[in-house]
Amino acid sequence: MSEESREILKAIGRNFFTMGGGHRIELHVKAFDPYGNPIASIVKESDLATKQFAQLIQTNILGTNQTITNTSGVGVAISANTALSNPLIVAGSGINPPLTPSVTDFNLAGGVNLAGNTPAQISSGQTAATIGAWGNTVPSSGVFQVTGTITNIQSSNQAYSEVGIQVNAGFNPFLITHDNFSGVIVSPNGTLQVTYNIIDS
């Protein structure tokens, strides 16, 4: 398992098991027009970790085989200590995303990997996640960040209403966080900046 994925699992896992106790995931979403002017800012102080995340903790930290639902809704047998890779920030535009995201969510309501999506739609719905080091001072004491900026490369506006973190086990993608918000319209070449703060408090 890559060091980046291991850090995601360890930190977000503490949040899952403490149920809002000493650790939590804080979500910040900002949208910008093509000229860098801010058009929207959303903060969720308690983001959701999914069942898939808990099961990946069971396989890769606690060493227990699990059957885990991938983003296609298929249960996949994952052996203990299976390597994880390719952490992504993903964003969707589901017409009817869940009013309250659930731990049983396995994909975005308008996911980037849905059948029929064009390469431009896929690129405009995901980006590689950057995993920051746990720090005493940046961005504040006891925090590390998972960040990514998605650019709308389509020729038309893109509505975003949900985001998550996705990791891969082999060729199987798993959604490990999910949250939604009122739709944000991003014009061509505009950006959606997503920041997860993994907080010890």
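Preceding block: the structure.
Residues numbered from 1 in each chain as written. Predicted model: local features only at pLDDT ≥ 70, side-chain atom pairs only at ≥ 80, totals over all residues. Heavy atoms only, no water.

A. View of the overall build of the chain. Across its full length, the chain holds three helices and 13 strands. When the accessible surface of the chain is split by element, carbon and sulfur atoms take 53% of a total near 9200 Å². (Helix = DSSP H or I, 4+ residues; strand = E, 2+ residues; numbered from the N terminus. Areas by Shrake-Rupley, 256 points an atom, 1.4 Å probe, with all protein chains shown as cover.)

B. Structural detail: the nonpolar core. Membership of the largest hydrophobic core comes to 34 residues, with the highest contact counts inside it found for Ile-89, Val-146, Val-163, Leu-192 and Tyr-196. Looking at this core, the elements that each hand over two or more residues are strand 1 (23-32), helix 2 (51-60), strand 5 (75-78), strand 6 (85-92), strand 9 (143-151), strand 10 (158-169), strand 12 (177-186) and strand 13 (191-200). Sort the elements by how many residues they give to this core and strand 10 lands first, with five residues. (Core = buried A, V, L, I, M, F, W, Y, C linked by side-chain atoms within 4.5 Å. Buried < 20%, exposed > 50% of the residue type's maximum accessible area, 1.4 Å probe, protein only.)

C. Focus on the pattern of salt bridges. Evaluation of the coordinates by the stated rule reveals one salt bridge. Of the charged contacts in the structure, one is a salt bridge between Lys-44 and Asp-179, with a shortest N-O distance of 3.6 Å. On the criterion of sequence distance, the pair formed by Lys-44 in strand 2 (residues 38-44) and Asp-179 in strand 12 is long-range, its members being 135 residues apart. (Salt bridge = Lys/Arg side-chain N within 4 Å of Asp/Glu carboxyl O.)

D. Seen up close, the environment of Gly-132. Considering the arrangement of structural elements, one finds Gly-132 in the loop between strand 8 (130-131) and strand 9. The spacing of Gly-132 and Ile-198 is 66 residues in sequence and 10.0 Å in space, taken between C-alpha atoms. Setting aside anything within four residues of it in sequence, one finds Gly-132 in contact with Phe-144 and Gln-145. (Contact = heavy atoms within 4.5 Å.)

E. Structural detail: the side chain of Thr-177. With respect to the element layout, Thr-177 can be found in strand 12. Residue class for Thr-177 comes out buried when judged on its relative accessible area of 0%. Reaching out from Thr-177, the side chain makes a polar contact with the backbone nitrogen of Ile-165 at a distance of 2.9 Å. (Polar contact = N/O pair within 3.5 Å; in protein donor to acceptor, adjacent residues only side chain to side chain.)

F. Highlighting unusual backbone geometry. Positive phi, normally seen in glycine, also occurs at Asn-81, with a value near 60 degrees. Checked against the element boundaries, Asn-81 lands in the loop between strand 5 and strand 6. We note that Asn-189 has phi near 70 degrees; this positive angle belongs to a residue other than glycine. Among the structural elements, Asn-189 can be located in the loop between strand 12 and strand 13.

G. Layout of the pairing of strand 11 (residues 172-175). The pairing of strand 10 with strand 11 spans four bridges and is classified as antiparallel. The partner of Gln-166 across the bridge, within strand 11, is Leu-175. Where strand 10 folds back onto strand 11 in an antiparallel hairpin, the turn is made up of two residues, including Gly-170, whose phi is positive at roughly 65 degrees. (Pairing = 2+ DSSP bridges.)

H. Up close: the environment of Asn-189. Judged by relative accessible area, Asn-189 falls into the exposed class, the value being 53%. Measuring from C-alpha to C-alpha, the distance between Asn-189 and Asp-33 comes to 7.4 Å, with 156 residues separating the pair along the chain. In contact with Asn-189, not counting residues within four places along its chain, are Pro-34, Thr-151 and Asn-152.

I. The arrangement of the side chain of Asp-105 in detail. With respect to the helices and strands, the residue Asp-105 is situated in the loop between strand 6 and helix 3 (119-123). Buried charge without a salt bridge: Asp-105, with Lys-44 as the nearest opposite-charge side chain at an N-O distance of 11 Å. A polar contact is formed between the side chain of Asp-105 and the backbone nitrogen of Ser-102, at a distance of 2.9 Å. (Lys, Arg positive; Asp, Glu negative; His and termini not counted.)

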